[in-house]
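For reference, the chains in residue letters:
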Amino acid sequence: MPLCAALGAVVAYPARFVPKGTPLDIIEKIERDERAKRGAEIPEFKAGDTLKVHFKVVEGTRQRTQVYQGICIKRQGAGLRETFTVRKQSFGVGVERTFPLFSPKIEKIDVLAIGDVRRAKLYYLRQKVGKQARVREKQR
Amino acid sequence: MIGIIGRKRGMTQLFDDEGNVIPVTVIEAGPCVVTQIKTAEHDGYEAVQMAFGDCKDKALSKPELGHLHKAGIKHGKRHLAEFRGGGDLAVGDTVTVQAFSEGQSVTVTGVSKGKGFQGTVKRHNFARGPESHGSHNVRQPGSIGASAYPARVFKGMRMSGHMGSRTVTQLGVTVVRTDAENNLLLVRGAVPGATDSVVIIKGR
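All figures in this text were calculated on a predicted structure; none of them were measured in a lab.

Asker: Tell me about the packing of aromatic side chains, and please be specific about residues and values.
Answerer: Residue and element names in this part refer to chain A. Per the stated rule, a full pass over the model turns up four aromatic pairs over all chains. Relative to Phe 99, the ring of Tyr 68 has its centre 5.9 Å away and its plane inclined at 65°; by these criteria the two rings are edge-to-face. Placement of the pair is Tyr 68 in strand E2 (residues 62-76) and Phe 99 in strand E4 (residues 93-100), with a sequence separation of 31 residues. The same class applies to Tyr 68 as to Phe 99, namely buried. Lying across the ring of Phe 102, Arg 35 places its NZ or CZ 5.9 Å from the centre. A cation sits over an aromatic face here: Arg 75 above Phe 45, 4.4 Å from the ring centre.

Listed below in structure tokens is the structure:
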């Protein structure tokens, strides 16, 4: 992954590396098909980036799109099981929401800003309030 | 539809139509060849015997090979299983995952993972003793009975011993997907046994 990708760049997500000649693992095949089901192209992002997640919500029979915006504090898991957690302040209360990366419910992920961070997991943001709970934007 | 023999291949997850995550176990099931039909007149009960999994001929004994040849099977088969009940199957017929449908409730039988010799805390969910104030009673089983009367330990008292590695049947497992091309059966949730262990799936 390039260190500083352009905003909104899309990654192809190749399958896990398999040595030449070995037949594809059964599980890997299923996961590959399942990944194709995803609702949106997944942009390249990492912890520290500011994201806008367009998430489909079903209320009774009605379906609408909820927009959830915040800082990605971690990406966790591998392959189809990968998830990411977005943290935001809502009325003074910290809210964290974890999404499966390949969920068909995600309509779109917008990367609004690329953060300049030195960690893969930004748990330290949970202890910070107000101005300190921000992530510096990457300077290009 | 009686049942099928398969091999547990591992677990993953799928997204359903609503986009919810469902955990699934992937079972490579069949094709199984019917090797013998047991009848009430001849054997005293009704059952269908099936074979699954190729192996080298030399891995089997001559009587075992002969039994397979009788059903028209050319190569060695590693696993045989019997399913009670009749049905319209004949010797030589092949059963595949197409016998199952999505949403169907099945039972899955396998040999659970061996845990070795375990104490009562892990084996029978006993409570721990106190860990502080000089206690040495941390994972002890406690009292196993009274003294002069009955002057013995009752049979079946739960104690430490070998755990796991026994036949476990999981009831009410839902079939999430069948893949006839690759002989795969995807069932919801976990099933007994380690990856690559043999499981028996029965329709209900």
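Next, the rest of the story.
Asker: Just give me the short version of the sheet that holds strand E1 (residues 3-15) of chain B, but keep the residues and values in it.
Answerer: The strand order around the closed barrel built from six strands is E1-E2-E11-E10-E7-E12 (chain B), with neighbouring strands paired in antiparallel fashion. With direction set aside, neighbouring strand axes in the sheet form an average angle of 50°. Taken together, the six bridges between strand E7 (residues 105-111) of chain B and strand E10 (residues 167-179) of chain B define a ladder with antiparallel strand orientation. From the neighbouring strand, Ser 105 of chain B faces E10 of chain B, where its bridge partner is Thr 174 of chain B. Its contacts with the sheet place helix H1 (residues 26-35) of chain A against E1, strand E2 (21-29), E10 and strand E11 (184-188) of chain B, and it is angled at close to 45° to E1 of chain B.

Asker: Describe in detail the sheet that holds E2 of chain A, supporting the description with residues and values.
Answerer: Residue and element names in this part refer to chain A. Reading across the sheet, the five strands line up as E4-E3-E2-E1-E5 and stay open at both edges, with antiparallel pairing between neighbours. Each edge of the open sheet is held by one strand with a lone partner, namely E4 and strand E5 (106-113). Strand-to-strand twist across the sheet, computed as the mean angle between neighbouring axes with direction ignored, equals 40°. With eight bridges connecting them, strand E3 (residues 83-90) and E4 associate as antiparallel partners. In the sheet register, Val 86 faces E4, and the bridge partner there is Arg 97.

What counts and what doesn't
- Within each chain, residues carry numbers counting from 1 in the order of the written sequence.
- Numbering of ligands from 1 and lettering of chains from A proceed in the order in which they are written.
- Note on the predicted model: pLDDT of at least 70 is required for a residue's local features to be given, and 80 or more for side-chain atom pairs to be given and counted; whole-chain, interface and lining totals, by contrast, use all residues.
- To obtain the side-chain values, all non-hydrogen atoms of the structure were included, while hydrogens and water were left out.
- Any Phe, Tyr or Trp ring, taking Trp's six-membered ring, that has another such ring centre within 6.5 Å forms a pair; planes under 30 degrees apart are called stacked, those over 60 apart edge-to-face, and the others tilted.
- Only runs of H or I of at least four residues qualify as helices and only runs of E of at least two qualify as strands under DSSP, and these elements are numbered from the N terminus.
- For the exposure calls, accessible area comes from a 1.4 Å probe over protein chains only, and a residue counts as buried if that area is under 20% of its type's maximum, exposed if over 50%, partly exposed in between.
- A positively charged side chain is recorded as over a ring if its NZ (Lys) or CZ (Arg) lies within 6 Å of the ring centre. The angle to the ring normal must also be within 35 degrees.
- When DSSP finds two or more bridges between two strands, those strands count as paired.
- As a rule, the C-alpha atoms of each element are fitted with a line to give its axis, helices using only the stretch in contact, and angles between N-to-C directions run from 0 to 180 degrees.
- Contacts: residue pairs with any heavy atoms within 4.5 Å of one another.

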